[in-house]
Amino acid sequence: MSETANVFFFGKRYQVPADLTIMAAMEYAGYELVRGCGCRHGFCGACAVIYRIKGSNELKTALACSTQVQDNMYVASLPFYPSDKRAYRLEDLKADSRVMMELYPEIYSCIGCNACTRGCPQGLPVMQYIASAQRGDFEECARLSFDCVGCGICMSRCPAGISHPMVGELARRLTGRYVLPPSAHVKARVQEIEAGQFDDPMEQMMQKPVEEMQELYNTRDIEK
């Protein structure tokens, strides 16, 4: 190893290669990650961590799979944070401002500290999308929260006890069902699937070796 870093996982010191991510460094140190890992590419939100650099009082947050270790980094994982997701049937709701007051009234206790936004590893304007939810602007809330991976870091930093990802999820559901116009091409594709139009191609795909599937995925056309 040409360059190493001293890191502390749950208070215990390890010397690891300095170019590793926090997740890779934990595995290098011998941790078997059964929880607190998932896609390993910053999309699933399962590997949230909190950390502090020795000599600094600032407590920072990150996703372990996409954050490089630093020397004298003290790390603890946050693989699950207990969000307060309310039970509802989307069909019984209306896209008006009262729905948030009924389901997530704590959003109106937001003190504007912006700790949620500062903690978000995706760089989302969390406090702003909560403000949109307060106003009943669900389409804007849905737009601003669209890339949320539900890691829970924002919730862990909120003094008002807001479950930000759950608010964003509700806004996106309301927007998709009641605010945006129906998508004709999606409806048509669903009808094609139900009619069995893609049964044979799916069966053929299931028979392909994994390596060929990976190549097809990596070279697929991505919609702009």
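Structure: see above.
For clarity, every value in this text was computed on a predicted model and none was experimentally measured. (Residues numbered from 1 in each chain as written. Predicted model: local features only at pLDDT ≥ 70, side-chain atom pairs only at ≥ 80, totals over all residues. Heavy atoms only, no water.)

Trainee: Whenever I open this one, the sheet that holds strand β5 (residues 73–77) confuses me. Can you help?
Mentor: Two modes of strand pairing occur in sheets, parallel and antiparallel, and in both the strands are linked by backbone hydrogen bonds. Read from one edge of the open sheet, 5 strands run β2-β1-β5-β3-β4, paired in mixed fashion. Every other strand in the sheet has two partners, leaving β2 (12–17) and β4 (60–63) as the edge strands with one partner each. Mean inter-strand twist for the sheet, computed between neighbouring axes without regard to direction, equals 35°. Relative to β5, strand β3 (residues 48–53) runs antiparallel, the two being bridged by 5 bridges. In the strand pairing of β5, Val49 is matched with Ser77. (Pairing = 2+ DSSP bridges. Helix = DSSP H or I, 4+ residues; strand = E, 2+ residues; numbered from the N terminus. Axes fitted to C-alpha atoms, helices over the stretch in contact; angles between N-to-C directions.)

Trainee: How should the packing of aromatic side chains be read in this particular structure?
Mentor: In this description, a pair of aromatic rings is defined by centroid distance and the angle of the planes. For the coordinates displayed, the defined rule picks out 5 aromatic pairs. Measuring from centroid to centroid gives 4.1 Å for Phe8 and Tyr74, while their planes differ by 0°, and the two rings are stacked. In this pair, Phe8 sits in strand β1 (residues 4–9) while Tyr74 sits in strand β5, placing the two residues 66 residues apart along the sequence. Relative accessible area serves as the criterion here: at 12%, Phe8 is assigned to the buried category. Under the relative-accessibility criterion, Tyr74 is labelled partly exposed at 32%. With a centroid separation of 5.7 Å and an interplanar angle of 70°, the aromatic rings of Tyr14 and Tyr31 are classed as edge-to-face. Of this pair, Tyr14 sits in strand β2 while Tyr31 sits in the loop between α1 (22–28) and β3, and the two are 17 residues apart along the sequence. For Tyr14, a relative accessible area of 15% translates into the label buried. Taking NZ or CZ as reference, Arg220 lies 3.9 Å from the ring centre of Tyr217, over its face. (Phe/Tyr/Trp six-rings, centres within 6.5 Å; stacked < 30°, edge-to-face > 60°. Buried < 20%, exposed > 50% of the residue type's maximum accessible area, 1.4 Å probe, protein only. Lys NZ or Arg CZ within 6 Å of the ring centre and 35° of its normal.)

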